Amino acid sequence: MILALVMGKAVSDHKQKVFEKRSVLLCQPLTLEGKPTGPPLLAMDTVGAGEGEVVLVRKEGRGAREFTGDPSAATRTLIVAIVDEVNLEPSWFPSTGSG
């Protein structure tokens, strides 16, 4: 899973049938602290995300094609959730101490 910020929408006059009723959004990957990391990517929106929202992106071709129901679909990235909050409190992480 990739934490990302939706930067905008990709628009196309010609596209595969699988994309006809779905938006493709431009997403900037983020660190857990919310800082940009790596190059932007395009992802098929499955949750109704909008520009400026933080989302979770799944980058795995087989799962994306299974979602679309088309084994030949030219997609490998899906937006699977809109993130409300990222909690990095130490108690959230597994303990590394003994006992």
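Residues numbered from 1 in each chain as written. Predicted model: local features only at pLDDT ≥ 70, side-chain atom pairs only at ≥ 80, totals over all residues. Heavy atoms only, no water.

Asker: Help me out: how do you make sense of the sheet that holds strand β2 (residues 24–29) in this one?
Answerer: What links the strands of a sheet is backbone hydrogen bonding, and the strands pair in either a parallel or an antiparallel sense. With respect to topology, five strands assemble into a closed barrel ordered β1-β2-β3-β5-β4, the strand pairing being mixed. Across the sheet, the axes of successive neighbouring strands diverge by a mean angle of 55°, strand direction being ignored. For strand β3 (residues 41–45) and strand β5 (residues 77–82), the ladder comprises two bridges, and the chain directions are parallel. Paired with Asp-45 across the two strands is Ile-79, which belongs to β5. (Pairing = 2+ DSSP bridges. Helix = DSSP H or I, 4+ residues; strand = E, 2+ residues; numbered from the N terminus. Axes fitted to C-alpha atoms, helices over the stretch in contact; angles between N-to-C directions.)

Asker: For this particular structure, what's the right way to read the pairing of β5?
Answerer: Looking along a regular strand, one sees the side chains alternate between the two faces of the sheet. With five bridges joining them, strand β4 (residues 54–59) and β5 adopt antiparallel strand pairing. Bridging from a neighbouring strand, Arg-58 pairs with Leu-78 of β5.

Asker: What's the story with the nonpolar core in this structure? I'm lost.
Answerer: A general tendency of soluble globular proteins is for nonpolar side chains to be buried together. Within the largest apolar cluster, 10 residues are counted, these being Ala-4, Val-6, Leu-25, Cys-27, Leu-41, Ala-43, Ala-49, Val-55, Val-57 and Ile-79. Sequence-distant contacts of Val-6, that is, excluding residues within four places in its chain, are made with Leu-25, Leu-26, Cys-27, Ala-49, Gly-50, Glu-51, Gly-52, Glu-53 and Val-55. (Core = buried A, V, L, I, M, F, W, Y, C linked by side-chain atoms within 4.5 Å. Buried < 20%, exposed > 50% of the residue type's maximum accessible area, 1.4 Å probe, protein only. Contact = heavy atoms within 4.5 Å.)

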